[in-house]
Amino acid sequence: RGCALFEIVQRAMAGYGPHFATAASTQITLQFPNSVTARQRAVLHAVATTHGVCHQSNGDGDERRIALGVGTEVVYVRPETIADDDDICDLLAVHLQISPDVSKRAFGAPAPRPEKRGIIGGRDGTQSTESSDPLVSSSSAAPHVSLERANIDVTAFVHKTLESLELERVAEAEQNDAVLKGLTPSAAQKKGRALLGLKCVDQKNGFYGKTIVVLELASRPTGDNKAPPLPPHKLTPHDIVCLRPNKADNTTGTEEPLCSGVVYRVRDTRLEIAVDETPDSLDGTLRVERLQNETSHNRLVDALRLVGKASSGGVGVDLTKFPGARLVEYLFGNTAPRTSASEAFVLGDDVDTIGDVTRASSFVPINKNLDQSQFQAVAHALRSHDVALIHGPPGTGKTTAVVEYVLQELSRGNRVVCCAASNVAVDTLVERIVMGGDGFGVGGVGGGGTDDTKSADESTGTKSMGKRRVKKSKSSSVSESNLIRLGHPARLLPSVLRHSLEAVVSRSDDSGLAKDCEKECEAIRKRLAKLTGRISKEERAERFDARKELRKLQKETKQRQKKAIDVVVGGAKLICCTLSGALTGAIRNETFDVVVIDEAAQALEPACWGAIFKG
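These remarks concern the structure in this document. Keep in mind that what you see is a predicted model, and the values were worked out from it rather than measured.

Here is what the cut-offs are and how they apply
Residues numbered from 1 in each chain as written. Predicted model: local features only at pLDDT ≥ 70, side-chain atom pairs only at ≥ 80, totals over all residues. Heavy atoms only, no water. Helix = DSSP H or I, 4+ residues; strand = E, 2+ residues; numbered from the N terminus. Contact = heavy atoms within 4.5 Å. Areas by Shrake-Rupley, 256 points an atom, 1.4 Å probe, with all protein chains shown as cover. Phe/Tyr/Trp six-rings, centres within 6.5 Å; stacked < 30°, edge-to-face > 60°. Buried < 20%, exposed > 50% of the residue type's maximum accessible area, 1.4 Å probe, protein only. Pairing = 2+ DSSP bridges. Axes fitted to C-alpha atoms, helices over the stretch in contact; angles between N-to-C directions.

This part is about the overall build of the protein. Across its full length, the protein carries 16 helices and 19 strands. The contacts of the protein with a sequence gap of at least 6 include a subset with a gap of at least 24, amounting to 74%. Per element, the accessible surface of the protein, about 30200 Å² overall, is 52% carbon and sulfur.

The next subject is the packing of aromatic side chains. Aromatic ring pairs are reported here in terms of the distance separating the ring centres and the angle at which the planes meet. Counted under the stated rule, the structure contains four aromatic pairs. A centroid spacing of 5.8 Å and a plane angle of 15° characterise the contact between Phe-332 and Trp-609, whose relative ring orientation is stacked. Of this pair, Phe-332 sits in the loop between helix H9 (327-331) and strand E12 (346-347) while Trp-609 sits in helix H16 (residues 605-612); the two residues are 277 residues apart in sequence, bridging distant segments of the chain. A residue is classified by how much of its surface remains accessible, and Phe-332, at 5% relative accessible area, is buried.

Its identity as a non-glycine residue notwithstanding, Gln-97 has a phi of 55°, on the positive side. In this structure, Gln-97 sits in the loop between helix H4 (85-96) and helix H5 (100-108). A residue is classified by how much of its surface remains accessible, and Gln-97, at 8% relative accessible area, is buried. With phi around 55°, Glu-599 is a residue other than glycine that occupies positive phi space. Note that Glu-599 resides in the loop between strand E19 (594-598) and H16.

Let us now look at the sheet that holds strand E3 (residues 65-68). Taken in spatial order, the four strands of this open sheet run E2-E3-E1-E4, and their pairing is mixed. The open sheet has two free edges, formed respectively by strand E2 (55-58) and strand E4 (73-76), since each of these has just one partner strand. Each strand axis lies, on average, 20° off the axis of its neighbour in the sheet, ignoring direction. In the sheet, strand E1 (residues 28-31) pairs with E3 via two bridges, with the strands oriented antiparallel. By the bridge assignment, Gln-31 is partnered in E3 with Ala-67. Strand contacts of H4: E1, E3 and E4, with the helix running at about 165° to E1, the strand carrying the most contacts.

Judged by how many residues are buried, strand E15 (residues 416-420) sits mostly within the fold: five of five residues are covered. Covered by surrounding structure in E15 are Val-416, Cys-418 and Ala-420 together with Val-417 and Cys-419, the residues of both alternating faces. In this structure, E15 lies alongside strand E18 (residues 574-578), joined through five bridges in parallel fashion. From the neighbouring strand, Val-417 faces E18, where its bridge partner is Ile-575. Bridge count between E15 and E19: five bridges; the pairing is parallel. Paired with Cys-418 across the two strands is Val-596, which belongs to E19.

And the structure:
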C-alpha cells in the first residue's frame, strides 16, 4: 500500500498537460462505473479528446460505461468514490495527470453535444467548422483552438512512425530479394529488373563531376548500324543500378559489379547511367541490374529523428541549420501559433478589421483577379508568424492563393522554398509563379488569376520564427538566376527546364573553370577509347597514366562545380523542389525565411517535416 501511495505521489508531482496525459494513458486504463451520468460521460469524452487520451464507451442504457486510456494496468473506479464532479477531476489528475483546473472548467461549462459511440482517438475527436468561403484559413473560419487540444506526444509519434517506416523498408527489401534471389540474368530481364546484351558506346561529362556511361544493345540488325530499341524494362531515372559483364554469374548475390551508379536518362534505344568512377574497362557485352534504393527511406528517417530531438523547443538541434525545429512545439499544439494583430489588408473597397485596428498595409494583390476567399487566405498567411493552413474543395483556387502568397513574400525580400509531393505539382507552381508577375516586388503584373481546378489538397506556409521580417527590396524579374527548380532534368517539364539547377549553373560565371576541366576530361576519354583491345606495354602504361589523370580532373571538376552550385543556390531567392529534394545535398546547408508546401494532403508527414525544418 505504501508503494502504491508513493507511485500516486510521483505521478502527481510529474506535472499536468497533454504530454503527460498521453503518456499516462498508454500505461493505465481508468474504468468508470455505470453510475456516471450521460453528462459526465460527455465531459469525460471531451476532456480526453483535448488531452490525446483514447476513450471508449460500452453498453446500453443504464449499463453504459466509459473507459479512458489503453494501458494494461486497469483501475476500476468504485461508485462510492465519485460522489460529485470534483471526485472525477481528482481521479483524472492522479491517474492520467490531467490538470484539475482544466477538468473542473470542463465540468462547469455547458454540457458538450452527445457522445459518439466507439473508440475515439484524439485526432478522430477533433471537430471542424464549415465556412461559407470556398477557401478556409485556420484563423478566419475555424474556432480558436486552445493549447489543451494538443492530442499526441512527440516522442510517441516519432517512435510509432519510425517503426512503420522500418516495416515498410523490410517488406520492400524482402519483396526485392524474393524477385531477384536465384534468378538467372535472362529471368531478371523478363521481370524488367535487368537489361542484357549492352555495350558502352560513349562516355561523357556529367553534372557534379560524374561520368555518363551511354549504353545500347550490342547486337545490330543485319545491314543496319542503327541501335535497335531496348527490350521492355522497369528502369527509370534515379534508379540505382550496377553494371556487370553480360555472362557474369550473380545468382548468389555476392559477385562484385564493375561499377554502380544512377540511371540518368532513358531513351528508346539507349540507357545513360551516371557513375562516380568508371572501371578500367567497359569492353565486351554488359548487363544492367536494378538495385534496392533506400535513399528516400533514409531521408524520412533523418527528418523524423530531427523531430524527436526538437521536441523540447529545439533543444538538441542546431537551430542555425534547422531553424524550423522550433515549429515542433507549435505544430503539435503545445504552443499557440502567433499572428500579427496589428495588420489589416485591403481588397478593392473592402477593409479587413483585426481587433480595434482598421488600416491599409503593404499587401496589394499582384494578381488583381483574386476573389474574396483567396484574398483572405493570403492575408491570413501573411499575418501568421509561425504556421498557416489554406484548405478548400477542388477548384476553389488554392494554388492561385499559394502563388500570390509566394510572390508577396518575395516582394518583402524574404527567401522562399516551395515544395510539393510530386514533380508535376512543383512544375505547375514554377509555371504559375513565372506567369505571376514581371517582378518580385509589389506592383508586378498579375497572372490573370487562372485557377488550378485539379488541386484538391491542403497547402501549408511555414514562417520564420521571431518577429516577422519585412525587408525592403527592389523589384526584379523572375529570372533564371533567382528562381531555381531542383530535380532531375529528365523528370521536369520542358517549360521549366531553363530554371533547372543544371541549366542555371551552366549559365553562371563561376562554371567557366569547371567547363575547362570537362573539356580536358573529354579529350582524355577520346585517348582512352583508342587504347583498347590488344595494346603494347607502352600503350598500357599510357592508358594507366591517362586514367589516373582523368580521375584527378574529375575530382577537380566536382570541386569547381560544387563551388558554382553553392554560389548559384546561395544567391537564389526562390527554390522549388519536391519534398524529397528539400533534403538533397544542393540545399542541405541552406535555410529560408518561408517554407511553402503545396498539395500537403498528398504528402507523407515525415517528408513534410524535412522541408519544414529548412525555415
